[in-house]
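# A structural walkthrough
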Amino acid sequence: MTRDKLDRLADLRAACTLEKHAEARRQLTLLGPTPWPVPTAADPDQERLERWILHRCAWPNGITAYPFGFQHVTPEPDHLTIHVESNPEHVRELVKELLPNEYEGDLGGVPGLRAGRDNTGAPLLYLAGTRASVTLRGIAAKDWQVAVTGWRSHLASIGARPLWDISPTAMSMEESDLLQWFDPPSTVKRPCWLASALLRRIGTFTASGLPARLTGWTTGGTQHDRWKFEFEFIPGHRRAHERVLNLLTHPEVGLPLRVTKDVCSCRSGHGHGCWATLQATSGHQGSVQLLFHDCDPGTVTSWESRWPAQFAQIRAGNSAKTADRAAADCGSPQENPS
Ligand SMILES: [Zn+2]
C-alpha cells in the first residue's frame, strides 16, 4: 500500500473511530491487506457482546460530551477497545448499565457479562464461556473500583444478586436465554451485526458536529435489529447531517446500508428537524433511522448549568476536525454496492 493510500484510509478510519490519525495508521498496518479499514467483529459472540453494550449505553441518563460517553474506539476483528469519557458520574452509569444482576427473577445489565482486568489493569468485559471481550480504557482504577463497590452495596441493600464475578466460564440459563434475545428459530444469520458495526463507528455520530445530546434505542423485533438515533443540537450549531449519511454509506468504511428516505428542513427554517432512514442491503437485515433537530434554548441552559465541563467540550467541538477532513473526502451520500 502506498503511503498516500495508507494516509487516506487512516483518515477515513479515524473519522469512524475517532482514533488519532497516527493510531488509525498503526492499526491499519497491523490489520495488513484488507479492503475494510474498520474491521467487522469476527464471530457472533463478539457481535452479541458489542450489541448489548450499545443497547445498554445508548440512552445515557446525563449529558456526555462524546456519543454515549465513548471518546474513541479501536476495533479489531476479535476485540473492541472503548476509550471512555472519564468522569466518576459516567463510570458509575457504565457500571450500573453493564454489570449483570438478578433481582426477583429479572435480569439487569448485560446477561452473561463478566468483569475482570487486563494486564494493564483496565476493566476487561467478556462473555462467560466465550472468547468475546471488550476493554474499557481511560477510566481511573479508583473510579472503577469505587463505582463497582457502590453498585454492589446498592444491590445488596435491595436484595439483588451480582452476577458479574460468578463463574467466568458459564452463564445461567436465564442469562443465556436473555442474551440470545432474538428468537433463535426465526432469527436471521448474525442479527447483532448492525449494532456492533455502529459501535465500531462511534465517530459517525459526531460527523455532523457534536450534538448536545444523543440518544439511541432499538425498535427491533425478534428477527433483526432496527435502531433509531436522535441528535439534539445546541441552537445555531451546524446540523451537517449529510456527513453522517456519507460515512454510514461510504464504500470503504461504511455499512451495507442505503438511504431510503432523507427529509431535510434546514433551509425551510420551520424547525421540525430533519430525518433519514437507511435500510440494510447485500443480504443483511436491519435499519437505522436518524433524527436531527435543535434543542429548546431553555433546555440547553439547564443542561449546561448541570454539566458545564461536557458542554464546554461540545461547544469546542474538539473532535470535529477529524470528521471534517474525512467527510470532505466522502462526496455525496451513496449506496453501497449490493
Ligand atoms: Zn436538514
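None of the values given here were measured: they were computed from a predicted structure.

### Side note on the packing of helix α4 (residues 88-98) against helix α5 (residues 141-158)
For the pair α4 and α5, interaxial distance at closest approach is 9 Å and the crossing angle is 50°. With respect to α5, the element α4 is oriented oblique. Of the two elements, α4 crosses α5, and the hand of that crossing is right-handed. Here Pro88, Val91, Arg92, Val95 and Lys96 of α4 come into contact with α5, specifically with Asp143, Trp144, Ala147, Val148, Gly150 and Trp151. Within the contact of α4 with α5, the residues separate by chemical class into seven nonpolar, one polar and three charged.

### Topic: the sheet that holds strand β13 (residues 287-294)
With respect to topology, five strands assemble into an open sheet ordered β9-β10-β13-β12-β11, the strand pairing being mixed. Bordering the open sheet on either side are β9 (213-218) and β11 (257-263), each of which pairs with just one other strand. The sheet shows a mean angle of 15° between the axes of neighbouring strands, direction not considered. Bridging between strand β12 (residues 274-280) and β13 involves six bridges; their strand directions are antiparallel. Paired with Leu278 across the two strands is Val288, which belongs to β13.

### Notes on the confidence of the model for the protein chain
The predicted model of the protein chain has a mean per-residue pLDDT of 89, with 90% of residues at 70 or higher. For the stretch residues 325-338, pLDDT sits under 50, and the model shows 35 contacts to residues farther than four places along the chain or on other chains.

### Notes on helix α1 (residues 3-17)
Taking 1.5 Å of rise per residue, 15 residues should cover 21 Å, and α1 covers 20 Å from first to last C-alpha, within 8% of that figure. Every buried residue of α1 is listed here: Leu9, Ala10, Asp11, Leu12, Arg13, Ala14, Ala15, Cys16 and Thr17. Phi turns positive, to about 65°, at Leu18, one or two residues after α1.

### Things to note about the pairing of strand β2 (residues 79-84)
Taken across its six residues, β2 has five buried, putting it largely inside the fold. Strand direction decides the pairing type here: strand β1 (residues 70-76) and β2, joined by six bridges, are antiparallel. Paired with Thr74 across the bridge in β2 is Thr81. Between the end of β1 and the start of β2, which pair antiparallel, lie two residues. Bridge count for β2 against strand β7 (residues 133-137) is four bridges, and the pairing is parallel. Considered in β7, the bridge of Ile82 is made with Leu136.

### Some thoughts on the sheet that holds strand β4 (residues 106-108)
One open sheet holds the three strands; their spatial order is β4-β3-β8, and the pairing between them is antiparallel. The sheet is open, and its two edges are formed by β4 and β8 (161-162), each paired on a single side.

Calculation rules
- Residues numbered from 1 in each chain as written.
- Predicted model: local features only at pLDDT ≥ 70, side-chain atom pairs only at ≥ 80, totals over all residues.
- Axes fitted to C-alpha atoms, helices over the stretch in contact; angles between N-to-C directions.
- Helix = DSSP H or I, 4+ residues; strand = E, 2+ residues; numbered from the N terminus.
- Parallel < 35°, antiparallel > 145°, perpendicular 65-115°, else oblique.
- Left-handed = near helix turned anticlockwise from the far one by under 90°.
- Contact = placed C-beta atoms within 7 Å.
- Nonpolar A, V, L, I, M, F, W, Y, C, P; charged D, E, K, R; others polar.
- Pairing = 2+ DSSP bridges.
- pLDDT = per-residue confidence, 0-100.
- Expected span 1.5 Å × (residues − 1).
- Buried ≥ 20, exposed ≤ 12 C-beta atoms within 10 Å, placed from the backbone.

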